[in-house]
Amino acid sequence: HHAKRREKSICPYTQTMRHALHRRQRMTERLNAAISGHQLALYFQPQVDLASGRLTGAEALCRWYDAEWGWVSPGEFIPLAEERGLIRALGDWVLEESARQLLAWREKPEGGLPGRLSINISAQQFADPELTRHIAQLTAGVSPSAIALELTESDFMRDPDQAVEITHTMRQAGYALSIDDFGTGYSSLSYLRRFAADALKIDISFVREMLENKNDRAIVQTIIAMAKALEMKTVAEGVETRDQANLLAEMGCNEAQGYWFGRPLPADEFAAQWLTT
Ligand code: C2E
Ligand code: MG
Ligand code: MG
Ligand code: MG
C-alpha cells in the first residue's frame, strides 16, 4: 500500500511522459489523415541574389494546420513523419504539389518562377536508389532545370558512398543539389568534394549572431571560401537584418534567404509579391 502511494507521488513525471507519447500517437494518426486527405500546404520563401537583390528562386516549405492544435511546426511533424514511416507519402505529396504549383505559375501572364524551386528531401527518400526517377515521375511536365533538391549535411553523411552515387545521378538528370544546414553535419572534406553539390546553405545558427560573434563570423567566412574553392555557391539561411545581408554580401556570399527578404508565404501571396513584372 505504501509502495503504491510512492508510485503515485512520482506520477506527475510518468503522466507527462504518457501524455507526450499519447500526443505523438494521436499526431501520427492525424498527420497520416492530413497527408492522404491532402490537407497539408506548401509555403514558398524567396531566395535572392545578394549583389542584385533579384529573386533566384524559392524554397518550398511544408505546413500543417490541424483543427485541434492549429499550426504544427515542421520541426515537430517532419521528424515524426520520419520516425513513423510517413515521410515518403509526405515527400511524394510535396513533390507533386511543387510541380503543380510551378506549372500553375507558368500559366500566369507574369510568367513562372525564375530560377529554381528548392525542395527538401529527407534521408529516407534519399535512401531510395530509384529516387531520381521517382522525382521525375512525380514532377512530370517540369524540367529538372527548374528544381533544386535540398539535403541536410547530416543526411549526406549517413551513407556517404551511396550519397556520392545518387548525387551524380541527380546532377546528370539536371537537378541542382544543395547541402542544407551546412556546418552542423560534420561532413568530411574529402566527401564534400565528391558530393557534386551546387550550393552550400550556411546554417542559420552561424548567421544568427555573426555580427556580434567573431567565431561565427569566421565560420561563415570559411564556408564561403571553401565553397568558392570547390566551385559551389553559398546561400545564407535565416537572414533577418539589413546588417547581416550587407555583411554577407561583402563576404562574397552569393544568395540569401530569410525574414529580411521575405517570409514563407502561401502560393498566391508569394506570386502576388514576388512574381509580378
Ligand atoms: P530548412 O530546410 O533548413 O528550412 C529553413 C527553415 O528556416 C524554415 O523553417 C524557414 O521557415 C526558416 N526560416 C527562414 N527564414 C528565417 C529567418 O529569417 N529566421 C528564422 N528564425 N527562421 C527562418 P520551417 O519551415 O519551420 O522548416 C523547418 C525544417 O523542416 C526545414 O529546415 C526542413 O528541414 C524541414 N522541412 C520543411 N518542409 C519540408 C518538406 O517539405 N520536406 C522535408 N523533408 N522537410 C521539410
Ligand atoms: Mg531546406
Ligand atoms: Mg536549412
Ligand atoms: Mg534548418
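Residues numbered from 1 in each chain as written. Chains lettered and ligands numbered in written order. Predicted model: local features only at pLDDT ≥ 70, side-chain atom pairs only at ≥ 80, totals over all residues. Heavy atoms only, no water.

> Even after reading the chapter, I still don't get the environment of Gln 45, so can you show me in this structure?
Examined against the element boundaries, Gln 45 turns out to sit in strand β1 (residues 40-49). Taking the C-alpha atoms as reference points, Gln 45 and Asp 66, separated by 21 residues in sequence, lie 22 Å from one another. The residues contacting Gln 45, other than those within four sequence positions of it, are Gly 57, Ala 58, Glu 59, Leu 61, Gln 257, Gly 258, Tyr 259, Gly 262, Arg 263, Pro 264 and Phe 270. In this structure the side chain of Gln 45 is engaged in a polar contact, spanning 2.8 Å, whose partner is the side chain of Gln 257. (Helix = DSSP H or I, 4+ residues; strand = E, 2+ residues; numbered from the N terminus. Contact = heavy atoms within 4.5 Å. Polar contact = N/O pair within 3.5 Å; in protein donor to acceptor, adjacent residues only side chain to side chain.)

> Looking at this structure, how should I read the site of ligand 1?
The environment of ligand 1 is made up of 21 residues, and the closest members are Arg 63, Asn 120, Asp 180, Glu 240 and Tyr 259. One nitrogen or oxygen atom from the side chain of Asn 120 is found 2.9 Å from an oxygen atom belonging to ligand 1. One of the side-chain N or O atoms of Glu 240 is found 2.5 Å from a nitrogen atom in ligand 1. Protein contact buries 81% of the 800 Å² of open area that ligand 1 shows by itself. Looking at the shell around ligand 1, the elements with two or more residues in it are β2 (55-66), α3 (74-83) and β6 (176-182). Counting residues per element, the shell around ligand 1 draws most heavily on β2, at 4 residues. Grouping the amino acids of the shell around ligand 1 by side-chain chemistry returns 9 nonpolar, 5 polar and 7 charged. (Near = heavy atom within 4 Å. Areas by Shrake-Rupley, 256 points an atom, 1.4 Å probe, with all protein chains shown as cover. Nonpolar A, V, L, I, M, F, W, Y, C, P; charged D, E, K, R; others polar.)

> Mind showing me how you'd approach the coordination of the magnesium ion (ligand 2) here?
Perfect tetrahedral coordination of a metal by four donors corresponds to 109.5 degrees between them, and perfect octahedral coordination by six donors corresponds to 90 or 180 degrees. At this site the magnesium ion (ligand 2) is bound by Glu 59 (OE), Asn 120 (OD1), Glu 150 (OE) and Asp 180 (OD), with donor distances of 2.0 to 2.3 Å. All donors to the magnesium ion (ligand 2) come from one chain, and their sequence spacing reads E-x60-N-x29-E-x29-D. In this structure, the magnesium ion (ligand 2) lies 4.1 Å from the magnesium ion (ligand 3), and both are coordinated by Asp 180. Taken as a pair, Asn 120 in strand β4 (residues 116-120) and Asp 180 in strand β6 lie far apart in primary sequence, 60 residues in all. With relative accessibility at 31%, the residue Asn 120 sits in the partly exposed group. By relative accessible area, Asp 180 is classed as buried at 6%. (Donors = N, O, S within 2.8 Å, 3.2 Å for Na, K, Ca; no water. Buried < 20%, exposed > 50% of the residue type's maximum accessible area, 1.4 Å probe, protein only.)

> Quick question: what am I supposed to make of the pairing of β1 here?
The side chains of a regular strand alternate between both faces of the sheet. Among the 10 residues in β1, 8 count as buried, and that is most of the element. As defined by bridge partners, β1 adjoins β2 across 9 bridges and the pair is classed as antiparallel. From the neighbouring strand, Pro 46 faces β2, where its bridge partner is Ala 58. The loop that links β1 with its antiparallel partner β2 comprises 5 residues; one of these, Gly 53, has a positive phi angle of about 80 degrees. With 2 bridges connecting them, β1 and strand β10 (residues 265-266) associate as antiparallel partners. Note on β10: the bridge partner recorded for Phe 44 is Leu 265. Summarising the sheet, β1 and strand β9 (residues 255-256) pair through 2 bridges and their orientation is antiparallel. Bridge pairing in β9 links Val 48 to Ala 256. (Pairing = 2+ DSSP bridges.)

So far we have only geometry, and geometry alone does not tell us how the molecule works.
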